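Structure at a glance
Chain by chain, the residues:
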Amino acid sequence: MHPLDTPIWNSLHGGWASLAQGDAQAIRLDRDHGPFAATAHGLPTEMTALAPLLPPGDELWLLGRDALAAPPPGMQVVRTAMLAQMVADRPVKIGGSGPDWQELGEADAPDMLDLALLTRPGPFRARTHRLGRFIGVREQGRLIAMAGERMRMPGFAEISGVCTHPDHRGQGLAGHLMRRIAGHMQDRGETPFLHAYASHDRTIALYRSLGFAVRAQLPMAVLSKA
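Notes on the structure follow.

What counts, and where the lines are drawn
- Residues numbered from 1 in each chain as written.
- Predicted model: local features only at pLDDT ≥ 70, side-chain atom pairs only at ≥ 80, totals over all residues.
- Heavy atoms only, no water.
- Helix = DSSP H or I, 4+ residues; strand = E, 2+ residues; numbered from the N terminus.
- Rg over C-alpha atoms; globule rule 2.2 N^0.38 Å.
- Buried < 20%, exposed > 50% of the residue type's maximum accessible area, 1.4 Å probe, protein only.
- Contact = heavy atoms within 4.5 Å.
- Areas by Shrake-Rupley, 256 points an atom, 1.4 Å probe, with all protein chains shown as cover.
- Core = buried A, V, L, I, M, F, W, Y, C linked by side-chain atoms within 4.5 Å.
- Pairing = 2+ DSSP bridges.
- Axes fitted to C-alpha atoms, helices over the stretch in contact; angles between N-to-C directions.
- Phe/Tyr/Trp six-rings, centres within 6.5 Å; stacked < 30°, edge-to-face > 60°.

Quick notes on the overall build of the protein
For the protein, the helix and strand inventory stands at six helices and 11 strands. Taken over the C-alpha trace, the protein has a radius of gyration of 17 Å; the compact-globule value for 226 residues is 17 Å, and the two agree within 12%. By residue count, 49% of the 226 residues in the protein fall in the buried class. Contacts in the protein between residues far apart in sequence, at least 24 positions, make up 71% of those at least 6 positions apart. For the protein, the computed accessible surface area is about 10500 Å², with 50% contributed by carbon and sulfur atoms.

Observations regarding the nonpolar core
Within the largest apolar cluster, 23 residues are counted, with the highest numbers of intra-cluster contacts made by Ile159, Met178, Leu194, Tyr207 and Phe212. If you list the elements that add at least two residues to this core, you get β5 (75-87), β7 (134-139), β8 (142-153), β9 (156-164), α5 (173-187), β10 (191-197) and α6 (201-209). Ranked by residues supplied to this core, first place goes to α5 with six residues. Not counting residues within four places of it along the chain, the set of residues in contact with leucine 194 comprises Ala84, Gln85, Met86, Glu158, Ile159, Met178, Tyr207 and Phe212. By size, the runner-up hydrophobic cluster in this structure holds 21 residues, among which are Trp16, Ala38, Met153 and Met220.

Things to note about the pairing of strand β4 (residues 60-63)
Side chains Leu60 and Leu62 project from β4 onto one buried face, and the interleaved Trp61 and Leu63 project onto a second face that is buried too. Note that β4 and strand β11 (residues 213-225) share four bridges and pair antiparallel. From the neighbouring strand, tryptophan 61 faces β11, where its bridge partner is valine 222.

Remarks on the sheet that holds β5
If you walk across this open sheet you meet the eight strands as β4-β11-β5-β10-β9-β8-β7-β6, and the pairing is mixed. Each having just a single partner strand, β4 and β6 (102-104) make up the two edges of the open sheet. Sheet twist, expressed as the mean angle between neighbouring strand axes with direction ignored, is 35°. Alignment of β6 against β7, held across three bridges, turns out to be antiparallel. Following the sheet pairing, glutamine 102 is matched in β7 by glycine 136. Strands in contact with α5 are β7, β8, β9 and β10; relative to β8, the strand with the most contacts, it is inclined by about 35°. This element, α6, spans β5, β10 and β11 of the sheet and lies at about 165° to β10.

Section: the packing of aromatic side chains
Following the criterion strictly, the structure yields three aromatic pairs and no others. For the pair phenylalanine 36 and tryptophan 61, a centre-to-centre distance of 6.4 Å together with 65° between the ring planes defines the contact as edge-to-face. Residue phenylalanine 36 is found in the loop between β2 (26-29) and β3 (37-39), and its partner tryptophan 61 is found in strand β4; the two are separated by 25 residues along the sequence. Like tryptophan 61, phenylalanine 36 is buried.

Considering the sheet that holds β2
Think of a sheet as strands paired side by side through backbone hydrogen bonds, with each pair either parallel or antiparallel. Across the sheet, which stays open at both edges, the three strands sit in the order β1-β2-β3 with antiparallel pairing between neighbours. At either end of the open sheet lies a strand with only one pairing partner, and these are β1 (20-22) and β3. Shown here is a sheet whose adjacent strand axes are inclined to one another by a mean of 25°, direction ignored. In this structure, β1 lies alongside β2, joined through three bridges in antiparallel fashion. Within the sheet, the bridge partner assigned to alanine 20 lies in β2 and is leucine 29.

Some points on the pairing of β5
In this sheet, β11 lies alongside β5 in antiparallel orientation, the contact comprising 12 bridges. If you follow threonine 80 over to β11, its bridge partner there is alanine 221. Relative to β10, β5 is paired through five bridges, and the arrangement is antiparallel. Looking across to β10, one finds that alanine 84 is bridged to alanine 196.

See below:
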């Protein structure tokens, strides 16, 4: 099995290990960092072990085989989708001059969360920015675009949190930031990967133009309390 077939499980035993909660059957990321969870094999007993990891009012996001498994008693599937998993296994060209960008950190966290909640690039919570390096573009002090890192496992790192304020789309900001992040990953000896909705042809076409290719399609499911 390829490591990216179970990216959540491998991240929770890799770059996210210090933030993992659970046991050998089921495990999740600390809820303030994100809603991601996984089981060892997608077995019914392991899915049942997810239940104590889901507080009231929260969600668990599953990928791959876990997304295809039946929800355990007391939990329900509230959303499903098919994702295109894309990788950049060749050097990403950063290109010429681009927008002035900056490293983002703790002081930027409120603005990062506001931008993510406005544009909804995927699950983004109060401490998601701590999962890896994030960079962004500001205009007149306002954060208008960002991109960063999320899942991490030996040899692979995920680009995530890519978003642009609606008033500033069409300027190539997201693409430039993604190339910067991908180049940084490759400098560390890691292969960049990302996830996009398989039905979003324009988004996938953009990522192809940046040097990414579709490796696989993974089902996604979101669970909540029944």
